Amino acid sequence: MYPSSRWSRGLIVLAVLLISALAAWQLRGLRFDTSLDVWFVEDDPDLQAYHEFLDIFESDQILIVTWEDPELWTAEGMAALDRYTREIAAMEFVQDARSLASSSEVVAEPGLLSVRPLWDPDADEPQDMAALKARILDDEMFVGKLIDAGGRNAAVMVTVEHHLEDSHYKILLAEKFRALGERIEAERGHVVHLAGPPILDDAFFRYTSADLMKIFPMMLVAIVLVILVLFRTWQALLLPMVVVAVSALWTTGIMGAFGIHITVVHNIIYPLILGLSIASSIHVMSRTLIHRGLGKGPDEAAMRALKDLFAPCFYTTLTTVGGLLSLWVGDLKPVREFGALSACGAAFALILTYLLGPLLLPLLPRPKEKLPELANNGLLDRFLLRLTLLSERHARRVILGSALVVVVALAGLPRLKTGANVLEYFHADDPVRVDAEFVDAHMGGTTTLEIFIDTGKPDGLKEPAVLREMEAIGEYMNGIEGVGATISLSDFVRELRRVQRGGAKEERRVPDTRAEVSQLLLMLDDPKELERMADFDFARGRITATVQMSKVTSLTQHIPELEERLAAGFGPLGVKATATGQSRLIHNMEQYLLATMVKSLGLAFVLVGVLMAFALRSVKLGAFSMIPNVAPIAVALGTMAWVGMRLDPATATTGALALGLVVDDTLHFLHQFREWAVKGVSIQEATERTMRVTGRALVMTTVILVAAFASMLVASFTPNNNFGLLSAYTIGLALVADLVVLPAAIALIKPRFG
């Protein structure tokens, strides 16, 4: 029993305010995390292997700065490139910066292999720039890395520090690079292109922040307008708006308290909470107005409405929570967090509706219409009744037609593709994507695939057999679409041998003995170059492949075959070789996405089915109730496949999420229907009476949910756009199923509700 005294109600309001203040205090701990690492649980074996690689080589984060410079092959052009390279190298968080102006070449001298700068501004005599250009464009160590094949676009390849515990430094660094890019454009007169994981991370941060400030207010405005149109009184805004605001605040407070970082997926929580919060409010407000129309006072009408709808509201929340928690079986960390946080938001919405409903519902004005007009004489009510009667009369055709639509939709599922390529999260004309695709086309790639080699013993990398296998793997990777170039200790040793033996190309091969390898490396007067390729005692090394971000999805298809090649080639040598790096993690995401959808949807189906059976007090009715809920999801997923929409971190949650949402209307309908059926009312009359009481509320909640999710269409990222579109589409289909398919199924199957 809800307390009736002012003192008791005041304590409830005070408790809500105190919890809200505590939640607001926890917002201090909120952080954005745009790194790829955040998608994986801490005990993921491939993530751990990646971190082990970083322990040795510190970073695989590259950032490319490139621009066209017609004056590049002049002393002035090369000096400008050198000046920009030095400025970048001096930046905080930059580990290394390389360009043609800072690169070196190996030169043979008696008893020594010297490392000399390609371009020397302090040379006694002016360099022959034409000869330098020809020499550089003939060297695979530079083309596609620091210069394009045509010799027009110069690049600075920047290695950025990789701090696993914090990604915010990349945002600060990206701001500096954007400022530098604007200055280079002004000085050189050509567009500067910036690309690489740090630039993507910065864009994720900026766009996610902007979306939070843009989408939620837009959703509120849209829903305020819808509520005003449907209820025609401003008092109807009080309960849903308060429940939305407090539920969102409490959920965000949990994020801050538990140190959960905001990602692209977490943005979806807010339209979901908004829709869930308003759905319960709409039902209780509609029922309150019905009781007011019967002549009951404000407080009595509110309490009767809350009492009448407690069971269906409780079970709809329970099924929604079950559907959302099913996402916890997924393998992607933000998806798990999204499910748990959204479930909390759904529970908060119900609790707040019943805590604050007795205070705010009585403020609703008494309807001017009498009950008969309110219940079934309005235009919408008459339409719903006619639609229901029509579906009952043609029940067999409705069921067969619905089944046919489902079959056609499911036939497209084999066409469903996954999409973990973060570049595709940006719209095609987005400057971030345009720059990345330009760099991919001219410089060979903006991310990397790493092969981490551990021989298990000092100087193990100097074994000719190991170096030859590194060469073979490099050649294999160079043949994969999307790989720009590879570099390893093997390439460096072979180049040293070529230079030491006079420069002939046929001499560019791995030495026959370990002693010769050691001798070549000892002859270097500056072994700094080796630090990028091997650790200090040559026990562990790397093969680095630059990868075109725009083609990383097709590249990941070759990773299983690559791992087989690594095992077959290095295994007999007693060497452990592992594919790692960001491209490897993207490959894992591709696998996890499909597994997340299948596992979460399967679990959600079981959980929701059990909860529906419990709510309707019948296993048969629980199974029957799934008919109008499974069909919309099947059609939505099939449509997704037919139109070529990829399965990404956002859309992978749609199935389980939608199932938890669409059962709400079905449960409200069947709960009311059951009340009439157990009294011996005929199926047709029970359906009509149910539609009079719940039909308008079903339409209202659906319109509001569709408006909430459709607001995601203005988001900056395609996964969020697709999620909003797919969710709105599924919820719309669910309404059609409840208003058309469900009455037809009842009329045809005639389930026993008594």
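Residues numbered from 1 in each chain as written. Predicted model: local features only at pLDDT ≥ 70, side-chain atom pairs only at ≥ 80, totals over all residues. Heavy atoms only, no water.

S.K.: Before we go on, may I ask you to explain the sheet that holds strand E2 (residues 94–98) in this structure?
M.R.: Within a sheet, adjacent strands bond to each other through the backbone by hydrogen bonds, running parallel or antiparallel. The strand order across the open sheet formed by 4 strands is E2-E5-E1-E6, and the pairing between neighbours is antiparallel. Both outer strands of the open sheet, E2 and strand E6 (192–195), are each paired with one neighbouring strand and no more. Mean inter-strand twist for the sheet, computed between neighbouring axes without regard to direction, equals 15°. As judged from the 4 bridges shared by E2 and strand E5 (residues 153–160), these two strands associate in the antiparallel manner. Each bridged residue has a counterpart across the sheet, and for Arg-98 the counterpart in E5 is Met-157. Contacts from helix H6 (residues 197–231) reach strand E1 (61–68), E5 and E6 within the one sheet, and its direction differs from that of E1 by about 95°. Each of E1, E5 and E6 is contacted by helix H14 (residues 431–443), which is oriented at about 95° to E6, the strand it contacts most. (Pairing = 2+ DSSP bridges. Helix = DSSP H or I, 4+ residues; strand = E, 2+ residues; numbered from the N terminus. Axes fitted to C-alpha atoms, helices over the stretch in contact; angles between N-to-C directions. Contact = heavy atoms within 4.5 Å.)

S.K.: Whenever I open this one, unusual backbone geometry confuses me. Can you help?
M.R.: Backbone geometry follows two general trends: most residues other than glycine have a negative phi, and most peptide bonds adopt the trans configuration. Even without being a glycine, Phe-93 presents a positive backbone phi close to 80°. Tracing the chain through its elements places Phe-93 in the loop between helix H3 (75–89) and E2.

S.K.: Teacher, can you tell me more about the packing of aromatic side chains here?
M.R.: Aromatic rings considered in pairs are described by the distance between their centres and by the relative angle of their planes. Taken as a whole and judged by the stated rule, the model has 19 aromatic pairs. Aromatic side chains Phe-204 and Tyr-425 sit 6.3 Å apart centroid to centroid with 70° between the ring planes, which places their arrangement in the edge-to-face category. Of the two residues, Phe-204 sits in helix H6 while Tyr-425 sits in the loop between helix H13 (395–410) and H14, which places them 221 residues apart along the sequence. Considered together, Phe-204 and Tyr-425 belong to a single accessibility category, that of buried residues. Counting every residue linked through ring pairs, the aromatic cluster contains Phe-204, Tyr-207, Tyr-425, Phe-426 and Phe-717. Here the guanidinium or amino end of Arg-336 rests over the ring plane of Trp-328, the centre of that ring lying 5.7 Å away. (Phe/Tyr/Trp six-rings, centres within 6.5 Å; stacked < 30°, edge-to-face > 60°. Buried < 20%, exposed > 50% of the residue type's maximum accessible area, 1.4 Å probe, protein only. Lys NZ or Arg CZ within 6 Å of the ring centre and 35° of its normal.)

S.K.: Is there a simple way to think about the side chain of Ser-281 in this case?
M.R.: In this structure, Ser-281 sits in helix H8 (residues 269–293). Among the residues examined, Ser-281 registers a relative accessible area of 0% and is labelled buried. Excluding its chain neighbours within four sequence positions, the residues that come into contact with Ser-281 are Leu-239, Pro-240, Val-243 and Thr-353.

S.K.: Would you mind showing me how to read the nonpolar core here?
M.R.: Most often, soluble globular proteins keep nonpolar side chains buried together rather than apart. With 226 residues, the main nonpolar core has Met-78, Ile-88, Leu-100, Phe-177 and Ile-227 as its most contacted residues. With 14 residues, the top contributor of residues to this core is helix H25 (residues 718–749). The residues contacting Met-78, other than those within four sequence positions of it, are Leu-72, Trp-73, Leu-100, Ala-101, Trp-119, Met-129 and Leu-132. (Core = buried A, V, L, I, M, F, W, Y, C linked by side-chain atoms within 4.5 Å.)

S.K.: Teacher, can you tell me more about the pairing of E1 here?
M.R.: Look at any regular strand and the pattern is simple: side chains alternate between the two faces of the sheet. Across the 8 residues of E1, 7 count as buried, placing the element largely inside the fold. Where E1 and E5 come together, 8 bridges link them in antiparallel fashion. Paired with Trp-67 across the bridge in E5 is Ala-154. As paired elements, E1 and E6 share 4 bridges and run antiparallel to each other. Pairing of Thr-66 across the sheet is with His-193, part of E6.

S.K.: Is there a simple way to think about the packing of H6 against helix H24 (residues 683–710) in this case?
M.R.: Packed helix pairs are characterised by how far apart their axes lie and by the angle those axes make with each other. At a minimum axis distance of 9 Å, the contact between H6 and H24 shows a crossing angle of 160°. Between H6 and H24, the angle is such that the two are roughly antiparallel. As H6 runs across H24, the sense of the crossing is right-handed. Between H6 and H24, the contacting residues are Met-219, Ile-223, Val-226, Ile-227, Leu-230 and Phe-231 on the first element and Met-700, Val-703, Ile-704 and Ala-708 on the second. (Parallel < 35°, antiparallel > 145°, perpendicular 65-115°, else oblique. Left-handed = near helix turned anticlockwise from the far one by under 90°.)

S.K.: Please clarify how a nonpolar patch on the surface should be interpreted in this entry.
M.R.: A surface patch of nonpolar side chains, about 470 Å² in accessible area, is lined by Trp-7, Leu-11, Leu-14 and Leu-18. Position of Trp-7 relative to the elements: it lies in helix H1 (residues 6–26). Residue Trp-7 is classed as exposed on the basis of its relative accessible area, which comes to 66%. (Patch = residues over 30% accessible without salt bridge, like charges linked within 9 Å, V, L, I, M, F, W, Y side chains within 5 Å. Areas by Shrake-Rupley, 256 points an atom, 1.4 Å probe, with all protein chains shown as cover. Salt bridge = Lys/Arg side-chain N within 4 Å of Asp/Glu carboxyl O.)

S.K.: Help me out: how do you make sense of helix H10 (residues 333–360) in this one?
M.R.: An α-helical turn contains 3.6 residues, so a residue and the one three or four places further along point in the same direction. Under the 1.5 Å per step criterion, the end-to-end length of H10 is 38 Å for 28 residues, consistent within 8% with the ideal 40 Å. Of all the bends in H10, the largest measures some 35° and sits at Tyr-354, one to four residues before the proline Pro-358. Most of H10 sits inside the fold, with 20 of its 28 residues counted as buried. (Expected span 1.5 Å × (residues − 1). Bend = angle between axes of the 7 residues up to and from the residue.)

S.K.: Which parts of the structure should I look at to understand the environment of Asp-201?
M.R.: Here Asp-201 lies in helix H6. For the pair Asp-201 and Val-106, spaced 95 residues apart in sequence, the C-alpha separation works out to 36 Å. Residues within four places of Asp-201 in sequence aside, it is in contact with Thr-34, Ser-35, Gln-61, Lys-170 and Ile-171.

S.K.: Would you mind showing me how to read the side chain of Asp-82 here?
M.R.: Relative to the helices and strands, Asp-82 is located in helix H3. The exposure class of Asp-82 is buried, given its relative accessible area of 11%. If sequence neighbours within four positions are ignored, Asp-82 has contacts with Ala-101 and Trp-119.

S.K.: It is not clear to me how the sheet that holds strand E7 (residues 447–454) should be interpreted in this structure. Could you clarify?
M.R.: The strand order across the open sheet formed by 4 strands is E8-E9-E7-E10, and the pairing between neighbours is antiparallel. If you trace the sheet from one side to the other, it starts and ends with strand E8 (483–488) and strand E10 (576–580), each paired once. Shown here is a sheet whose adjacent strand axes are inclined to one another by a mean of 15°, direction ignored. Relative to strand E9 (residues 540–547), E8 runs antiparallel, the two sharing 5 bridges. Paired with Thr-486 across the bridge in E9 is Ala-545. The sheet contacts of helix H16 (residues 489–500) involve E8 and E9, and relative to E8 the element is tilted by about 70°.

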